[in-house]
Each structure stands twice: as C-alpha cells, then as structure tokens.
Amino acid sequence: MNVPFADFSVMHTEIRDQLDAAIRRVVDANYFIGSPENKDFEDRFAAYCGANACVGCGNGLDALQLILRAYGIGAGDELIVPAHTFIATGLAVTYVGAKPVFVDVEPHWYCLDAAQIEDAITERTKAIMMVHIYGQVGEFQAVREIADKHGLLLIEDAAQAHGARYRGQRTGSLADAAGFSFYPGKNLGAFGDGGAAVCRDAAVAERIRTYGNYGARTKYQHVYKGVNSRLDSVQAAVLSVKLEFLDRWNAERRRIAGRYKKGITNPSIRLPQENPDAEHVWHIFPVMAEGRDALIAHLRDQGITALCHYPVPMHLHQAYADLGYAPGRFPVAEYIASHEVSLPMYYGMTEEQIDHVIDAANRF
Ligand SMILES: *Cc1c(COP(=O)(O)O)cnc(C)c1O
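Now for a quick tour of the structure. (Residues numbered from 1 in each chain as written. Predicted model: local features only at pLDDT ≥ 70, side-chain atom pairs only at ≥ 80, totals over all residues. Heavy atoms only, no water.)

Considering helix 3 (residues 36-49)
Step number 1: Look at helix 3: 20 Å from first C-alpha to last across 14 residues, which is about the 20 Å you get at 1.5 Å a residue.
Step number 2: Turning to helix 3, its buried residues number three or more, namely Glu-37, Asn-38, Phe-41, Glu-42, Phe-45, Ala-46, Tyr-48 and Cys-49. When helix 3 is viewed along its axis, its buried side chains cluster within an angular range of 160 degrees and face the same direction. Turned more than 90 degrees away from the buried face of helix 3 sit Pro-36, Lys-39 and Ala-47, all of them exposed.
Step number 3: Just downstream of helix 3 lies Gly-50, where phi reads positive at about 80 degrees. (Helix = DSSP H or I, 4+ residues; strand = E, 2+ residues; numbered from the N terminus. Expected span 1.5 Å × (residues − 1). Buried < 20%, exposed > 50% of the residue type's maximum accessible area, 1.4 Å probe, protein only. Arc of directions from axis to C-beta.)

Digging into the nonpolar core
Step number 1: Counting 58 residues, the largest nonpolar core has Leu-68, Ile-80, Ile-117, Ile-128 and Ile-208 as the members making the most contacts within it.
Step number 2: Top element by residues in this core is helix 4 (residues 60-70). It accounts for seven residues.
Step number 3: If near-sequence neighbours (up to four positions away) are discounted, Leu-68 is found in contact with Ile-73, Leu-79, Ala-92, Val-93, Val-96, Met-129 and Ile-155.
Step number 4: In this structure, Ala-257, Leu-295, Ile-358 and Ala-361 belong to the second largest nonpolar core, which totals 25 residues. (Core = buried A, V, L, I, M, F, W, Y, C linked by side-chain atoms within 4.5 Å. Contact = heavy atoms within 4.5 Å.)

So, the site of the ligand
Step number 1: Taken together, 15 residues sit near the ligand, with Gly-60, Asp-157, Gln-160, Ser-181 and Lys-186 positioned nearest.
Step number 2: Take Gln-160: an N or O atom from its side chain is 2.8 Å from an oxygen atom of the ligand.
Step number 3: Contact with the protein chains covers 91% of the free accessible surface of the ligand, which is 380 Å².
Step number 4: Grouping the amino acids of the shell around the ligand by side-chain chemistry returns six nonpolar, seven polar and two charged. (Near = heavy atom within 4 Å. Polar contact = N/O pair within 3.5 Å; in protein donor to acceptor, adjacent residues only side chain to side chain. Areas by Shrake-Rupley, 256 points an atom, 1.4 Å probe, with all protein chains shown as cover. Nonpolar A, V, L, I, M, F, W, Y, C, P; charged D, E, K, R; others polar.)

A closer look at the environment of Asp-193
Step number 1: Inspection of the secondary structure puts Asp-193 in the loop between strand 8 (177-181) and strand 9 (195-199).
Step number 2: Asp-193 sits 148 residues away from Phe-45 along the chain, and the two C-alpha atoms are 17 Å apart.
Step number 3: Residues in contact with Asp-193, not counting those within four places in the same chain, are Gly-58, Asn-59, Tyr-183 and Gln-235.

Written as structure tokens, this is what we have:
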C-alpha cells in the first residue's frame, strides 16, 4: 500500500465546484492584483485569527520580512531566532540587514526555550521571533513576559500553525504581528506561493502594504524604497474558499495524530508531546528515532513516504557560517536535526493508510 507524505486530491475533490467558481469569478472580473477578492480574503483571515488587520504578500518569507521593515528594523539590530526552524525565519532577519541571534529550543514542543533567551539579549536586540514549529505554540506566556520586560517586539512565525491556539486564542493574534505562508503544503495552502502579515496595529499593516507595493500608497507616489510582494487575486479567491474548511481539516489532522499516538508503541520511536496550554494543528507529525535514516528507509520499503524537517539546524547552515557558531552550541536543535522523522499527515488519509503507517512504525 502506498502512503504519500501529503496528498491534496481528497481535499480538492470535495470543494472542486467552489474552487472552480472562485477562479472563474476572478477571470470574469478581469481583475488580478489588488481586486476586491484580496480585501475579502484579508478581512476573513484577520477575523479568523482575531487580529485587526491582514495584508496579503507574495509568500511567507516576505510576510516576515515586511513586518520587520514596517517596524523599522534593519542594519545594526539583532533579533532572537530559534536554532530549530525553517531557514526562512532567519532569512527574513538577514534580508532587512539585521542579525539573527540563535537560541536553542526546549525539548518538549521544540519551540524557543524561554529560559535561554535573556542570555542572548544585548542592547542591540529589537525583537523575538517565535516560531510555532510543526503547528504548535510553545512557551508563549514566558516569552511574552521576557519581551515586555526588555521592551522587545514579539513576532510570530505562524507559517506552520494556521488555526492553532494558545490558551484559547488563535495564532496571528498572540503577539505584535505574525507572518503566515500559504505555500501549497501548509495547513491553509494556495495554488502556488502566497503569504500574509497579520497585525494588531493598523498603522503597521498600512506600512507593510505600502512596502509590498513598491513603497507606494497611491500610484507613482513612492514614499519608501519598497518591493513587489502582493498576493494574487486568484490565490486570494482560492484561500477564501479553503478558509471555510480549515477547522475541519485541522480537526482531521488532530484525529490522525491521536491515532498515531495511540497506535505507535515501538520504544525506539519517541512520539511528539502536546503543550497543555495549546491546541496543536499538526502541520507536521514529528517523531524522534535513533537510526533516523534507517526508519525512513524501512518506511519507504513499505510504500510510505516519510521526510525530515529539518536535517540542518539554523546555526550550522553554510549560509550562516559567517556568524561563527560551532557544532555543539545548541544541543536540542542538533538532536532534532539528527533524529526527526515526519510521518505522513494530510486530510483524506484512509483508515487503512493510517493503520499501515502504525504497523510499519511498530515493525521497525
Ligand atoms: C514555510 C515556512 C516559511 C516560509 O514561507 P514561504 O511561503 O515558503 O516563503 C517560514 N517559516 C516557516 C517556519 C515555514 O515553515
């Protein structure tokens, strides 16, 4: 039996008519950038998150980068970034000319370790980037208190956590601003690249929108040296349709995660833990295994595609060699990089496929 890592076919077949109608609407309106479809999606997504404003962007990396620009962060500034995340969190910081200062993650939910942040704060530190890795919020309250104590901005990288909650409140409305990605494989995915900056402060949202539109508030009046990073209207229309189903799809991911957690009893596979303060949306179902590559190969032999997110921690990327970090510096991030295996997780997995993954994992 084949179990791909992800498969959108059931999801898209179920809402095919609505997707077709949404795309047709954009084509018929003959309006592809900055159309009413964009405002409609932005209003819906801001309301979904419980935030005041949403600005569609070209992708998740740009959403984060534009947030930092809108807050005036640039050369000479430092930002706290977890040592375990996708490279984009760090690239957003380096894009604006600032310096990422890595801090290890904690071993329970794999998010920023609040206890290690203060040692990394200097007088140049401007913000903390908190990444809800794999779809779960970590020690948010503790991080918020540190940010407040030191007068730092707190930014969420929510690219893996659409719809996740912390103490009942959704990502996107927890911190000062949040960057989301709508890359097709994310929990809320477009039919191509896309992203959004979600913020509390409408004035910040306005600066993000202006920066992302060549620095122009009105046509040909360029107030900043901006960039071109906007969400296409076709993607906005598709995302408005999909947003209606996000809670249902996330609930199914939680059900599959529950089946995995109950069914996988192999002592050489360490299962992920859930933060009692948070509601996980399982963008990734991460297990830790000694002999990680052997587990991936064993699953492949059974027709199952498992991946690793991510095999290199931030401080050991060649791209960040200039920052001078040595191996051994962030043991939890390094442990994850050498042990993590992501099991298949998508809306539309059959019971047989879920059972097949559980059986194969138990036979490793
Ligand atoms: C996907 C992702 C991003 C970047 O989003 P893109 O839309 O691919 O640019 C940023 N941070 C994290 C944690 C991600 O998983």
